[in-house]
Amino acid sequence: MPVFTAHTAETAPAAARRAIEGVRGRFGWLPTPVALMADSPQLLTGFLATSAGFEQTDLAPLEREVVILTVSTTNECHFCVALHTGKLTQIGATTELITALRAGSALPEPRLEALRRFTLAVLDHRGAVPDNELHEFLTAGYQPRHALDVVLGVGAYTMSTFANRLTGAPLDPPLAAHAWTPAA
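Residues numbered from 1 in each chain as written. Predicted model: local features only at pLDDT ≥ 70, side-chain atom pairs only at ≥ 80, totals over all residues. Heavy atoms only, no water.

Caption draft 1: Broad picture of the nonpolar core. Counting residues in each nonpolar core, the largest one holds 45 residues, and the members touching the most others are Ile20, Leu44 and Val150. For this core, the secondary structure elements donating two or more residues are helix H1 (14-27), helix H2 (32-37), helix H3 (41-55), helix H4 (61-74), helix H5 (78-90), helix H6 (95-103), helix H7 (110-124) and helix H9 (144-167). If we skip the residues at most four places from it in the chain, leucine 44 touches Ala16, Ala19, Ile20, Val34, Met37 and Ala38. Ranked by size, the runner-up nonpolar core spans 6 residues in total, among them Phe79, Cys80, Ala82 and Leu83. (Core = buried A, V, L, I, M, F, W, Y, C linked by side-chain atoms within 4.5 Å. Buried < 20%, exposed > 50% of the residue type's maximum accessible area, 1.4 Å probe, protein only. Helix = DSSP H or I, 4+ residues; strand = E, 2+ residues; numbered from the N terminus. Contact = heavy atoms within 4.5 Å.)

Structure, rendered in structure tokens:
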């Protein structure tokens, strides 16, 4: 018997229904991770608010996706990697960049690679990034506010990846073309 319930707008706790409807309206379908997160309306609305805040940062859309894919591959969230691979494709990212992000390997563009490495440093050091790694990030052309924007992205997508793994969120059929499994 499953521990977590994949809710619909009709079965979700009342406090989660508006969020579910909003996500379904935005996607045209209800992603199973959202349906599963609805068991905790506070988690669901917290994640959606935090990720919306991350979308409003000074980081460009491609840069935000670098942060998200770095968190998602590090935390081994197959759903997030698939969903954001699709988003990268939509915004015109190169196949080379997408392949490198999915593999967790160096990116072809130095500035984006500095962002990927800084995101890993935030994760690896739980925010206590060594001065030399922060300096490398800033030398690549980022500002101190961008370092804090990365922290926001790491926080938002750590919530999502952990919840997706805890609930065993399956990959929804619309994302099958972007399926991903972590390297052994």
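What follows picks up the thread again.
Caption draft 2: Main features of the layout of surface pockets. By volume, the largest pocket is sized at about 560 Å³. Around the largest pocket, the lining comprises 25 residues; the ones closest to its centre are Arg26, Phe27, Leu83, His84 and Lys87. Mapped onto the lining of the largest pocket, the elements with two or more residues apiece are H1, H2, H3, H5 and H9. At 7 residues, H5 tops the list of elements feeding residues into the lining of the largest pocket. Partitioned by chemical class, the residues of the lining of the largest pocket number 15 nonpolar, 7 polar and 3 charged. Approximately 180 Å³ is the volume found for the second largest pocket. Around the second largest pocket, the lining is made up of 14 residues, and of these Thr73, Thr74, Arg102, Ala103 and Gly104 lie nearest the centre. At the level of secondary structure, the elements contributing two or more residues to the lining of the second largest pocket comprise H4, H6 and H7. For the lining of the second largest pocket, a count of residues per class yields 6 nonpolar, 5 polar and 3 charged. (1 Å grid on protein atoms, 1.4 Å probe; cavity = no way out; pocket = protein on both sides within 12 Å on 5 of 7 lines; lining within 4 Å. Points joined across faces, edges and corners; volume = space filled by probe spheres on them. Nonpolar A, V, L, I, M, F, W, Y, C, P; charged D, E, K, R; others polar.)

Caption draft 3: Fine view of unusual backbone geometry. Notably, glutamate 76 is not glycine yet its phi reads approximately 55°, a positive angle. One can find glutamate 76 in the loop between H4 and H5. For glutamate 76, a relative accessible area of 36% translates into the label partly exposed. Notably, arginine 126 is not glycine yet its phi reads approximately 50°, a positive angle. Mapped onto the secondary structure, arginine 126 falls in the loop between H7 and helix H8 (131-139). Since its relative accessible area comes to 75%, arginine 126 is described here as exposed.

Caption draft 4: Spotlight on the environment of tryptophan 180. Its place among the elements puts tryptophan 180 in the segment after H9. Overall, the relative accessible area of 10% leaves tryptophan 180 in the buried class. Along the primary structure tryptophan 180 and arginine 102 are separated by 78 residues, whereas in three dimensions their C-alpha atoms are 7.8 Å apart. In this structure tryptophan 180 touches Thr73, Glu76, Cys77, His78, Val81 and Arg102, once residues within four positions along its chain are discounted. Engagement of the side chain of tryptophan 180 in a polar contact is seen with the backbone oxygen of arginine 102, the distance being 3.0 Å. (Polar contact = N/O pair within 3.5 Å; in protein donor to acceptor, adjacent residues only side chain to side chain.)

Caption draft 5: Seen up close, H6. Those residues of H6 that fall on the buried side of the exposure criterion are Leu97, Ile98, Ala100, Leu101 and Arg102. Check the buried side of H6 and you find it contacts H4, H5 and H7. At the C-terminal side of H6, glycine 104 shows a positive phi close to 70°.

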